[in-house]
Amino acid sequence: MTRMSMTRTLRLTPTPRTSVDAREGRVITPNRRAAAALGVRFESIDRLAIETLRGAGLLVAPELAAYRALRRAVAEVLFPEEVLSPKDVTGTARSVRGVVREVLRAGLPERMPDDPKVTRLLAVVQRYRALLGERGFVDAAELTRRAAEDVRDRVMLSVRGYPRLEPSDLIFLDRVAADGSSLILPYAERALFADNRDAAEFLAERGWTVEHSVKSADEPGDEPADEPADEPADEPEQEPFRHLGATVSHRYATGQETLPSGVTATVYADVEREVRGVLTEVKRLLHRGVAADRVVLMARQDERYGPLVKAVAWEYEVPVRTFYRVPAAQTRLGGWLEHLIAVLRSDGAFEPTARFLAHPLSASLGKSLSKEVWQHVRTQPPQTLAGWLEPVPHLAPLRWPAAATTETYLGHVRNVLAAFDLSDETLGDFPSRILLGRFRRALVSLESSADILGTPQTDTPTDVRPLADFLTDLSDLLALLDAPTDSPREGVSLHTPLALYGASYDHMFVLGLAEGVLPAAIRDEPLLDYNARRRLRAHGYRLESAAEAAKRERLSLLNALTGVRQTLHLSYPQQAFGRSQLPSETFARLGITPTSPAAKPLASAEEARVAFLDSDNLAADGVGGNVAGDVDGDIDADPVLARARHARAVERYRDSAEPPDAYDGVTGDAIDADERVFSASQLTVFGQCPYRWFAQKVLRIDEPEEADVDLSPSLRGSLYHRVLELVLTPGLDPAEQRAAAQEGLEPAFDRAETELQLTHLPSWPARRDEHLQQLRRVVQNDSFLSGEDVVVGLEQHFEATWRGLKVRGVVDRIDRSPDGLNLIDYKTSSQKPKGAKDADGKATLDVQLPLYLEAAAPALYPGEPVGSARYYSLTKTRTLAEAKPEPDELDRLVDRVRTQLAQGSFPVDPDVQYHACTYCPYDRVCRKGPRLERKRSRG
């Protein structure tokens, strides 16, 4: 009914208004969905407040300007003696940001409380407001409070869809609403609606007419209203609960009314099953001709549910829209910009620059590196931007001055964006395209808000400042930006309860209705806990209490449920996002118990493939029928299913106790042993695990060559071997040899570190002396150079035939002693190296030293007697082991090598103690696991 009276009216009712009259004035709703439900243009209280402030010459502060002002306020109030170099102003500003805005929404108290912690916080708020005020800015949190002070013209308003209003909103509405204005708020005689009852008293005192259409009702287990209404509530209207949402919300609020058959409640085992079950039902509705915009998904944690919902919706071919926003860093462009800042901050250090160039966006822009350039920079890593320019010339726009004005730096930022051709066309994905526009616009605010960017000493954009300071500003700017996850399009919407105020849908699916999730659990704010709030309330300062916060969460759910008209589906998962969950108290309030879902029909081709993997038809598996039109046709003819079945068969066999097959290294492709040349290490590896040799020498699976950051074990071995090769001179008298080695150690070390390019290692300056001292201990030790032995050979290469196999290798050192030749192999480890498998399957069979004795010595010094071969530890400066040949075991090893090469049999078969796997780089390929024990149990 249209109001003809010129009084201002507040109506308290559980029944939402579904229409408005054009003569009711400007319609104010909380969101676009509520406006669409009423068929009007979207206007909110906040928009009306912004319009009012603009008329008074005030603007809402941009995010960057607000953050900078807050950071400066924190520096001046909390760190008054450290404005030039504060301890952690940035971190403190970020931590107090939420509390400051909550204080602004409530309004500063007239009298400060006797609490030092709270007093300092309020002082920060006062200084923050003053800094914004100097620029004509207002924080968004106090929009309506400040707008109420500047109302000049009243407007006839019709306010719909709000579940409750903040005190500042009420004050603003009272001052801006002209005669004939109306406001509708939900209400029942329960404590849950105490805020709206207080709102009615507040407005009644200011001349508003309050109308009730609520019948008092008690709900078992819920607290009564704090005090009765001034007048008895009116009798309910005829058919007050005309649709499902009103019935459900009334039941939720009062415990009365029987729920209709349109409500279902389901418990799922985990969150993915919940999403799949819900979207299957959504797909049913869409196939029945229900319009997508009449169906809604609701989740309190939409940012957590969103990615999974979108992924499953894509699989099901269900159009879904999400409205949550993600931080800039989680978008492709935002991640790329963060890497860019890291490159600039480190002046092109290798790791940050390599990550920047390897970023997917760099690749899509054609700015990644070719394989050849990657190999070059990995082996000779540049450490500065100047060093990168020769192999990667397109990094030239990243060379910025160490000090410049803000305006100059902003020009460099824009040059980089242009040089890398960043545009809507090149970015592709929607979040990055939106973020690029926001980032470009925000760059302007870096310059225009320079007077509150940092300390009071840097006040204008023309001041020269260090690059590090500007990069901090840029990082802060990026941290304040976010982007939507979806482009505007038709589809089923995923919303939070807050976004559904006043909206109307035919079918609603509520996900994640778990305890502490929906309604959300109340969490204390460490900087302003609920005890401190209670003390402030005693001073007349209206801050939300824990009870009020809990009621707000319940009320938001209640109001969202009001918008459903035909069917309501409630669900929760027992496991979600790494934690177990219990059902929400909402189920108990509604008097329903969630049940497990029935057999789920197939909603996508992917699900049909999974079902068909183990059976020839769906009926054999007991799987229900499919969703119409999704898995029609002969599923067995599906090429994807055929490949999946083959892959599953391979994996099942691989994991069984059956002997290895072609997918476990037994290829059947013979290799002629006489055409290959083996080293001692190759034979050892083959003897430890044939598959490791096969992956390395036949498949040639190599890890990418990377530049060392620290001295790796292999690089350390190369250094020690090269230094000892340089300091020793074959043929010298033992006494002269020792003296020459000690005297020439440092020059040899200098030469070796240059040849091996160790000076490029970031850690080398700190580690150099350590390794030099260790080598000095080696050459001074009697065990390294004995009194009678003469060094006759260093790093000597050989080729020979050993037990019928062609072999080659390098002997680190050969000494001539009275007992014959002594062959020495240097080791930088402190233990004897593991050998090939012996008869018991243990890695104890040494191959290297027997091969030296039997093949290297005769090849290098034919006819000379051989004394011994040994491993010498350069770390422990002692002999680790001497050669003890085991002819029978070595013959069996050689026979095994020949046989398996001829058979093409290279199974995954490491030693029983898995020593071969300790440093093996092929573990992801072989996937040894417990399956090997099953295979070994079958012999």
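Structure shown above.
The model shown is predicted, which means the values in this text are computed figures rather than measured ones. (Residues numbered from 1 in each chain as written. Predicted model: local features only at pLDDT ≥ 70, side-chain atom pairs only at ≥ 80, totals over all residues. Heavy atoms only, no water.)

1. Describing the packing of helix α10 (residues 271–287) against helix α11 (residues 302–316)
This is how the line gets drawn: Interaxial angle, 0 to 180 degrees, is taken between N-to-C directions of lines fitted to C-alpha atoms, where a helix line uses only the stretch in contact. Secondary structure is summarised from DSSP: a helix means a run of H or I of at least four residues, a strand means a run of E of at least two, and numbering begins at the N terminus for each. Each angle is binned into one of four classes, with values under 35 degrees roughly parallel, values over 145 roughly antiparallel, values of 65 to 115 roughly perpendicular, and all other values oblique. Should the near helix be turned anticlockwise from the far one by less than a right angle, the crossing is left-handed, and should it be turned clockwise, the crossing is right-handed. The contact criterion used throughout is that any non-hydrogen atoms of two residues lie within 4.5 Å. Ten residues, namely Ala, Val, Leu, Ile, Met, Phe, Trp, Tyr, Cys and Pro, are considered nonpolar, four, namely Asp, Glu, Lys and Arg, are considered charged, and the remaining ones, Gly among them, are considered polar.
In the contact formed by α10 and α11, the axes pass within 10 Å of each other and the chain directions differ by 50°. Considered as vectors, α10 and α11 are oriented oblique to each other. Like other packed secondary-structure pairs, α10 and α11 cross with a definite hand, here right-handed. Contact residues: V271, E272, E274, V275, R276, L279, T280 and K283 in α10; Y305, L308, V309, V312, A313, E315 and Y316 in α11. Among the residues forming the contact of α10 with α11, the class breakdown is nine nonpolar, one polar and five charged.

2. Overview of the side chain of S905
By the secondary structure assignment, S905 is in the loop between α34 (887–903) and α35 (923–926). In this view, S905 contacts G665, V666 and Q900; residues no more than four positions away in its chain are not counted.

3. Focus on the sheet that holds strand β2 (residues 26–28)
Strands in a sheet are paired, the pairing made by backbone hydrogen bonds, and the direction either parallel or antiparallel. Here is the rule we go by: We call two strands paired when DSSP finds no fewer than two bridges between them.
Spatial ordering of the open sheet is given by β2-β5-β6-β1-β7, a layout of five strands whose pairing is parallel. A strand with exactly one partner marks an edge of an open sheet, and here the two such strands are β2 and β7 (209–212). Sheet twist, expressed as the mean angle between neighbouring strand axes with direction ignored, is 15°. Contacts between helix α8 (residues 194–205) and the sheet are confined to β1 (9–12), β6 (182–185) and β7, with β1 contributing the most and set at about 160° to the helix.

4. With respect to the environment of Y162
To keep it simple, the criterion reads: A 1.4 Å probe rolled over the protein chains alone gives each residue an accessible area, and that area as a share of the maximum for its type sets the label: buried under 20%, exposed over 50%, partly exposed in between. We call two N or O atoms a polar contact when they sit within 3.5 Å, provided that within protein one can donate a hydrogen and the other can accept it, with sequence-adjacent residues counted only if both atoms are side-chain atoms.
As for its placement among the helices and strands, Y162 is situated in the loop between β5 (157–159) and α7 (167–176). You can call Y162 buried: its relative accessible area is 12%. For the pair formed by Y162 and L498, sequence separation is 336 residues and the distance between their alpha carbons is 9.8 Å. Apart from the residues within four sequence positions on either side, Y162 is in contact with I28, T29, P30, S44, I45, I184, L185 and P186. In terms of polar contacts, Y162 uses its side chain to reach the backbone carbonyl oxygen of T29, at 3.3 Å. At a separation of 3.1 Å, a polar atom in the side chain of Y162 contacts the main-chain amide nitrogen of I45.

5. A look at the nonpolar core
Applied cut-off: To qualify as a nonpolar core, a set must consist of buried Ala, Val, Leu, Ile, Met, Phe, Trp, Tyr and Cys residues joined through side-chain atoms within 4.5 Å.
Counting 79 residues, the largest nonpolar core has W336, L398 and F439 as its most contacted members. Beyond its immediate sequence surroundings of up to four residues, L398 is in contact with L340, V343, L344, F356, L385, V416 and F420. One finds I45, L58, A199 and Y505 within the second-largest nonpolar core, a separate group that totals 61 residues.

6. Describing the pattern of salt bridges
Counted only if it meets this: The term salt bridge refers to a pairing of a side-chain nitrogen on Lys or Arg with a carboxyl oxygen on Asp or Glu at a separation within 4 Å.
For the structure on display, the rule yields 59 salt bridges. Across the salt bridge formed by R26 and E51, the nearest N and O atoms sit 3.2 Å from each other. With R26 in strand β2 and E51 in helix α2 (residues 45–55), this residue pair connects regions lying 25 residues apart in the sequence. On the basis of relative accessible area, E51 is assigned to the partly exposed category, the value being 40%. Between R803 and E854 there is a salt bridge, with the nearest N and O atoms lying 3.1 Å from each other. You can see R803 sitting in the loop between β20 (790–802) and β21 (805–817) and its partner E854 sitting in helix α33 (residues 848–860), a full 51 residues away along the chain.

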